[in-house]
Amino acid sequence: MSDLSFEKIEQIKAGQLKLLKQQVEYISKNSPFYKKLFSENSIDPQELQIFEDLQKLPVTTKEDLQRNNSEFIAVPEADIIDYVTTSGTLGSPVNFALNNVDLDRLAENEYRSFAQVGIKKEDKVQITTTLDRRFMAGLAYFLGLRKLGAGIIRTGSGLPQLQWESIERFKPDYLVAVPSFLLKMIQYAEENDIDYQNSSIKAAICIGEPLRDQEFNLNALGKKITELWNIELFSTYASTEMSTAFTECPAHLGNHVASDLIYTEILNEDGQQVEPGEVGELVVTPLGTQTMPLLRFATGDMLTYCEDACSCGRNSMRLGPVLGRKQQKIKLKGTSLYPQHIIEVLNAYGKIENFLIEAYLDDLNNDKVIVIAPNSFDKLEELKDYFRSRLNVAPEIRVLPVAELIKMKFPKTSRKPQIFRDFR
Ligand SMILES: [Zn+2]
């Protein structure tokens, strides 16, 4: 593992291709699932000479991982150290596992992410996400910061009071946080006369929700946080299956891809790479993973990318914010949307704190979207007009008692709020 990001683009690609070939060779020898896939598709893994050769292989889906889970294990069980789960698409969580090499790789990835943000050994970082609950990312942050040598405060998720008490006690410089939790922390500080504007925190590394729009400007959520609290926000985007995080540098122009840790394709519906700036599905091949190596894993995440050099000096590809999941694409009266577009409008509107978005098929099999607001909200027509001004179309608006709405938004079985519910 050596960081290729500052090399010239040709060198990055050559280095990445070499690692990709090694990974395909490892997989062809060790992964029962892919051995079968290679033989069923009559593919000789030795034939992989250029990136395009990879396209002969079908993508691996979340359903593949769920249905054939144990066939993805490519190491002896005794070598597995960390057992985690990923959120499943067929209802139940999916097993995922890491050995020693995978944990070191994860540490290297997060070490680079944090260093790229500007965190140094002498800094302190408060991790406000869970380190347990079978969650890979929390542990990854800890391992990356340990490698960097920074101070770490593991407060875990929730508990704004504990967060502020820890900030006052240890004076951390950075937070790792979910953006909407930062709003909860601000609210708690305001209600309890905590002088948060003069706290030790100078920046937050944010996961789970996009902070920027496709032009890399702060979105409504990002603006709301920074207007209330003058800290710098960095996006980072990751998933268990990718076993890799993509993180912003101080230029805030997209999430940098660590080319030696993951190979990325952004594909249209025909499986062809889209042009920079066009929306496509992120398909990944993590490099150097051993326990559950994946080839061409289709993340379902729809996003754009750019390839021009970044002002920080890195020349590797950068990813835009996730706009939605592939199957979440909504066609509303001829306009194509992803849930994030609707969330953006509701956040920009700013008068509804808790909302849900539901998608249905109507009698004619057309998409129908319903936004559910708390029953204290009565400006339904105003909100519809606001939607029309931003998206040219308006969803149906309904209201529910706020307690019921919050119960639906935070189901006990989920680690994340469920803002979008798809009934199509
Ligand atoms: Zn950069």
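Because the structure is a prediction, the values reported are computed rather than measured. (Residues numbered from 1 in each chain as written. Predicted model: local features only at pLDDT ≥ 70, side-chain atom pairs only at ≥ 80, totals over all residues. Heavy atoms only, no water.)

Draft legend 1. Representation of the domain arrangement of the protein in the model. Partitioning the protein into domains gives domain 1 (1-326) and domain 2 (329-422). Using C-alpha coordinates to define each centre, domain 1 is positioned 28 Å away from domain 2. Counting each side, the surface lost to burial between domain 1 and domain 2 is near 1200 Å², with a carbon and sulfur contribution of 48%. For domain 1, the biggest contributors to the area lost against domain 2 are R133, A220 and L323; these three give 33% of the whole. Viewed at the interface, domain 2 and domain 1 are joined by zero salt bridges. When contributions to the side of domain 1 that touches domain 2 are tallied by element, the ones reaching two or more residues are β1 (80-86), α7 (179-191), α8 (220-228) and β15 (324-325). A breakdown of the residues in the side of domain 1 that touches domain 2 according to their chemical character gives eight nonpolar, seven polar and six charged. (Domains from an automatic or database assignment. Buried area = accessible area lost by both parts, 1.4 Å probe. Salt bridge = Lys/Arg side-chain N within 4 Å of Asp/Glu carboxyl O. Helix = DSSP H or I, 4+ residues; strand = E, 2+ residues; numbered from the N terminus. Nonpolar A, V, L, I, M, F, W, Y, C, P; charged D, E, K, R; others polar.)

Draft legend 2. Broad picture of the coordination of the zinc ion. Around the zinc ion, the protein contributes the donor atoms C249 (SG), H256 (NE2), C310 (SG) and C312 (SG), at 2.2 to 2.3 Å from the metal centre. Each donor residue of the zinc ion belongs to the same chain, and together they define the spacing C-x6-H-x53-C-x1-C. Of this pair, H256 sits in strand β9 (residues 255-256) while C310 sits in the loop between β13 (305-306) and β14 (318-319), and the two are 54 residues apart along the sequence. Residues H256 and C310 agree in their burial class; the two are buried. (Donors = N, O, S within 2.8 Å, 3.2 Å for Na, K, Ca; no water. Buried < 20%, exposed > 50% of the residue type's maximum accessible area, 1.4 Å probe, protein only.)

Draft legend 3. Broad picture of the pairing of strand β3 (residues 124-127). With four bridges joining them, β3 and strand β4 (residues 151-154) adopt parallel strand pairing. In the sheet register, I127 faces β4, and the bridge partner there is R154. After leaving β3, the chain enters helix α5 (residues 136-148) and then returns to the sheet as β4, a path that is right-handed. Relative to strand β5 (residues 174-177), β3 runs parallel, the two being bridged by three bridges. Within the sheet, the bridge partner assigned to V125 lies in β5 and is Y174. (Pairing = 2+ DSSP bridges. Right-handed = clockwise from strand over helix to strand, strands pointing away.)

Draft legend 4. Structural context of the pattern of salt bridges. As enumerated under the stated definition, the model contains 20 salt bridges in all. Between R296 and E265 there is a salt bridge; the shortest N-O distance is 2.9 Å. Of the two residues, R296 sits in the loop between β11 (280-286) and β12 (297-303) while E265 sits in strand β10 (residues 262-267), which places them 31 residues apart along the sequence. The same class applies to R296 and to E265, which are both buried. With its nearest N and O atoms 2.7 Å apart, the salt bridge here joins D301 to R325. Of the two residues, D301 sits in strand β12 while R325 sits in strand β15, which places them 24 residues apart along the sequence. There is no split in this pair, since D301 and R325 are both buried. Put simply, D3, E108, R112, K147 and D260 are held in one network by salt bridges that share partners.

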